[in-house]
Amino acid sequence: MKFCFYGGFAGALKGLTPGGAELQVALLSKALALKGHEVVIIDPYSKESFVTEEGVILINVPEWNKGIKGVRLFLNRIPLLWKMLTEQNADYYYVRMREYLHLIPYLAAKKTKGKFIIGIAHDLDTLGIIQNIKYDYKFNIYKFFTLDLPNDLVFNYLLKKSDYITLQHSGQKIKTNSVKGKIGIFPNIFDQRNLPVVEDQSKDYYIHVGSLTVMKGIKNLYQLVRILDRKNLIMIVGQPKGRISNKIYTQLRKFDNVILKGRMNHEETLRLIANSKGLINLSNFEGFPNIFLEAWATGVPVISLNVNPGNVINKYNLGLFCDGNLNKMKTCIELEETQDIDKNRLISYVSEFHDFNSAADRFLILLQQQN
């Protein structure tokens, strides 16, 4: 079969992952290619076309920026995408995240009689425009009307028209009476082949990893640090984004039990996670965090304030879910309540439900079951 993906995935294919959604598309495309399927990615943001060692073909759009800004969308970009996507004549067209240009691969699928798939990338994708305005938008009026609102309107339309919708976990709900397509759960993929070997584990700190934004819980992180007993060391990996986050980051520097590492490469971040007592997560919203899988795959439990995708933390004893209660998280850290969790149980969970080697088969079975 032939699969056609659309989006900015060149970096993730090369190991330079800008985000979790991009990583998941890169892993799925590689897994499908290794199983012998033809996989093409149309990436208008890549500077070059290339083929990965797994056989994924990425095609860039050389004249993407040709023309006058604003006008070129209609005179250049949309016609180019339409031509390139319809030429693929794929069995399946796949998109992920909210982007108004996803309307073009949907129409290309209709034209070529292919099937159209939307992969849910975040819990906010299932909550609607009002909730996104409340929790996600920074609110810039120009950006709202020219980008955010068009993205959400097209996304909601495509949810209703897609042939398949893949969810990350059972906690993500789509109103079934408003969609025509089939809905199934396809858990995030994790590639265990390049995990670090940690021989001298320090295990003397808890770690927080990821972008430091309001939605990702930097305010919650600051409040936790304020109430936490100072003998508990907290390592923070990631950079602040935005005025509020930068201000809070400066305040975090004043705590002697906080280690600010800034942005680090993926290999070093994994090593730091593997050396920790536990991964703490204080996000307000997520999808299925890849960082959870990275922690569990290295035998490290997760202590999460608000995020518990599909209730997996409780169901499989993968750490502690704090039900939004900062005091509960404080107590868990101070009493080291996760220290007796079986490391092998965490590793086995990732292998059973998220393994890269079985990803293509699981994805194809899902599509076949939905027919």
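Data block above holds the structure.
Residues numbered from 1 in each chain as written. Predicted model: local features only at pLDDT ≥ 70, side-chain atom pairs only at ≥ 80, totals over all residues. Heavy atoms only, no water.

**Digging into helix α13 (residues 343-354)**
When the terminal C-alpha atoms of α13 are compared, their 17 Å separation across 12 residues agrees well with the 16 Å that a helix rising 1.5 Å per residue should span. Here α13 has its buried residues at Leu346, Tyr349, Val350 and His354. For α13, the arc enclosing every buried residue in end-on projection is 95°, short of the 170-degree limit, so these residues lie on one face. For α13, the exposed residues set more than 90 degrees away from the buried face come down to Asn344 and Glu352. Summarising the contacts, the buried residues of α13 are in contact with α10 (290-297), α11 (312-315) and α14 (359-369). You can read the cap of α13 off the contacts: a side-chain oxygen lies 3.0 Å from the backbone nitrogen of Asn344, and it is on Asp342. (Helix = DSSP H or I, 4+ residues; strand = E, 2+ residues; numbered from the N terminus. Expected span 1.5 Å × (residues − 1). Buried < 20%, exposed > 50% of the residue type's maximum accessible area, 1.4 Å probe, protein only. Arc of directions from axis to C-beta. Contact = heavy atoms within 4.5 Å. Polar contact = N/O pair within 3.5 Å; in protein donor to acceptor, adjacent residues only side chain to side chain.)

**Some words on the packing of aromatic side chains**
Describing an aromatic ring pair means giving the distance of the ring centres and the angle of the ring planes. Applying the stated criterion to the full structure yields 16 aromatic pairs. Relative to Tyr92, the ring of Phe3 has its centre 5.2 Å away and its plane inclined at 15°; by these criteria the two rings are stacked. Of this pair, Phe3 sits in strand β1 (residues 2-6) while Tyr92 sits in strand β5 (residues 92-96), placing them 89 residues apart in sequence. Accessibility assignment for this pair places Phe3 and Tyr92 in one class, buried. Taken together, a centroid distance of 5.2 Å and an interplanar angle of 55° make the contact between Tyr316 and Phe353 tilted. Taken as a pair, Tyr316 in the loop between α11 and β14 (319-321) and Phe353 in helix α13 lie far apart in primary sequence, 37 residues in all. (Phe/Tyr/Trp six-rings, centres within 6.5 Å; stacked < 30°, edge-to-face > 60°.)

**Observations concerning empty space enclosed by the protein**
Taken as a whole and judged by the stated rule, the model has two cavities of 30 Å³ or more. The element best represented in the lining of the largest cavity is helix α2 (residues 20-34), accounting for three residues. Here the residues of the lining of the largest cavity are counted per class, giving six nonpolar, four polar and one charged. (1 Å grid on protein atoms, 1.4 Å probe; cavity = no way out; pocket = protein on both sides within 12 Å on 5 of 7 lines; lining within 4 Å. Points joined across faces, edges and corners; volume = space filled by probe spheres on them. Nonpolar A, V, L, I, M, F, W, Y, C, P; charged D, E, K, R; others polar.)

**Quick word on the pairing of strand β11 (residues 258-262)**
Here strand β10 (residues 234-237) runs beside β11; their pairing, made up of four bridges, is parallel. Residue pairing in the sheet places Met235 in a bridge with Ile259 of β11. Crossover connection from β10 via helix α8 (residues 243-252) to parallel β11: handedness right-handed. (Pairing = 2+ DSSP bridges. Right-handed = clockwise from strand over helix to strand, strands pointing away.)

**Considering the pairing of strand β4 (residues 57-60)**
Burial along β4 is one-sided: the residues Leu58 and Asn60 are buried and none of Ile57 and Ile59 is. With four bridges joining them, strand β2 (residues 38-43) and β4 adopt parallel strand pairing. Residue pairing for β4: Asp43 is matched across the bridge by Asn60. Looking at chain direction, strand β3 (residues 50-51) and β4 are connected through two bridges and run antiparallel. Across the sheet, residue Val51 finds its bridge partner in β4, namely Ile57. Hairpin connection between β3 and β4: a loop of five residues separates the two successive antiparallel strands, and Gly55 in this loop has a positive phi of roughly 105°.

**A few points about the pattern of salt bridges**
Scanning the model with the defined rule gives 11 salt bridges in all. For Asp191, the salt bridge goes to Arg193, with nearest N and O atoms at 2.7 Å. In this structure, Glu334 and Lys330 form a salt bridge, with 3.0 Å as the shortest nitrogen-oxygen distance. Here Lys330 and Glu334 lie together in helix α12 (residues 326-334), a separation of four residues that amounts to about one turn. (Salt bridge = Lys/Arg side-chain N within 4 Å of Asp/Glu carboxyl O.)

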